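Report on the structure
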Amino acid sequence: MDFQLLLLTIGVSFVLAVISAPLLIPLLRRMKFGQQVRDDGPQSHLKKAGTPTMGGVIILLAFTLTFVKFSPVDTNFYVLLVGTLGFGLIGFLDDYVKIVFRRSLGLTARQKLFGQLLFAGIMCWLLISNGHSTAIGVPGTDWAFDWGGWFYYPFIVVMMLAISNAVNFTDGLDGLLSGVSAIAFGAYALVAIQSTSFGAAFCAAAMIGAVLGFLVFNAHPAKVFMGDTGSLGIGGAIGAIAIVTKSELLFLIIGGVFVVEMLSVVLQVASFKTRGKRIFKMSPIHHHFELSGWSEWRVVITFWAVGLVLAGLGLYINKGL
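For the structure given in this document, a descriptive report is provided here.

Rules behind the numbers
What you see as residue numbers is a count from 1 along each chain, following the sequence as written. A pLDDT threshold of at least 70 governs which residues receive local features in this predicted model, and a stricter bar of 80 or more applies before side-chain atom pairs are shown or counted, although totals over entire chains, interfaces and linings include all residues. Note that the side-chain values use all heavy atoms of the structure and ignore hydrogens as well as water. Elements are defined by DSSP. Helices are runs of H or I of four residues or more, strands are runs of E of two residues or more, and each kind is numbered from the N terminus. Only C-alpha atoms enter the radius of gyration, while the globule expectation follows 2.2 Å times N to the 0.38, with N the number of residues. Salt bridges are identified by distance alone: a Lys or Arg side-chain nitrogen within 4 Å of an Asp or Glu carboxyl oxygen. Throughout, exposure labels follow a simple rule: accessible area from a 1.4 Å probe, protein chains only, divided by the maximum for the residue type, with under 20% read as buried, over 50% as exposed, and the rest as partly exposed. The patches reported here contain residues having more than 30% relative accessible area and no salt bridge. Joining distances are 9 Å for like charges and 5 Å for nonpolar side chains (Val, Leu, Ile, Met, Phe, Trp, Tyr). Computed with a 1.4 Å probe, the accessible areas rest on the Shrake-Rupley method; for each residue, only the protein chains presented here act as cover.

With respect to the overall build of the protein chain
Looking only at helices and strands, one finds 12 helices and 2 strands in the protein chain. Sequence-ordered secondary structure for the protein chain, helices as α and strands as β, is α-α-α-α-β-β-α-α-α-α-α-α-α-α. For the protein chain, whose C-alpha radius of gyration is 19 Å, the value lies close to the compact-globule estimate of 20 Å for 321 residues. Structurally, the protein chain occupies a C-alpha span of about 50 × 50 × 35 Å along its principal axes.

Shown next as structure tokens:
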């Protein structure tokens, strides 16, 4: 493994994001691609209305150019590319419908689900063509279970849907998802190296540079938001990396922040529908802490710290250090 090339990948992706952002942000503003803010959310967010969104194109552009340039075209190259750009495309269409057609919910749930199932299905087809192992390992042990493709590939589809949506829920505060995802990609880069999945290592490296470059403009106070274009693309990339590195269950630890964010939404909805009561002041859970009196910056830094601890724990359990 050429570690210098891996570091160069991070650096080039970072520079591309930093260079492209000042060019694309004014364009998004002129096209009136502004963020719509929920009236029932924290009042401090109302001033963010109109901030350019769909900035995820910055991330995906920097990622794609760098990944295609530096990554070896191995058996998993197209799986990683389809996972990232396919789910990113769904997010782009969702953002486009929200902004251009003034539909606050964007794509319908059925349309979004169809797109996610389509690209997850393409990934499964590529994995089958590559002779991908259907065994699922238990992190920290030598034990794995293999119930065959009839179980594994439906599991992969559900996994991609769950991860992409969990990551999407995490995008709600300035710099929150950019920072947490950079940490997760850093951990997965090491997991990929450990498992000799070099294509996945370059995918993670390209994403590290892209999201950190985007963070320069997305940190509080944000000059641009990534929108679903970025969050679904990031989720697709994380899911694809977890799959090709055969660390599917390790996501529950390394991506623990994303898991908690999604669970907070599921529990909130389930509680309100069954008991008529809310568990949190607002979900996803980062908004609960805001409404409890935490500053936005305090929430973001705390979630970054938790993500860093969980990433370290995941690497330790995976014997990746």
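From this point, the narrative continues.
Focus: the pattern of salt bridges
Evaluation of the coordinates by the stated rule reveals 5 salt bridges. Notably, a salt bridge pairs Lys-98 with Asp-228, separated by 3.4 Å at the nearest N-O pair. Here the residue Lys-98 occupies a position in helix H3 (residues 77-100), and Asp-228 occupies one in helix H8 (residues 227-244), the gap between them amounting to 130 residues. Among the residues examined, Lys-98 registers a relative accessible area of 21% and is labelled partly exposed. Its salt-bridge partner being Glu-248, residue Lys-246 comes within 2.8 Å of it at the nearest N-O pair. In the salt-bridge network here, residues are joined through shared partners; they are Asp-94, Lys-98, Lys-112 and Asp-228.

Considerations on a nonpolar patch on the surface
On the surface, a cluster of nonpolar side chains totalling about 520 Å² of accessible area is made up of Phe-14, Val-15, Ile-19, Leu-23, Leu-212 and Val-216. Every element with two or more residues in the nonpolar patch is listed here: helix H1 (3-30) and helix H7 (198-218). Per-element tally for the nonpolar patch: the top contributor is H1, with 4 residues. With respect to the helices and strands, the residue Val-216 is situated in helix H7.

On their own, these measurements won't tell you what the molecule is for.
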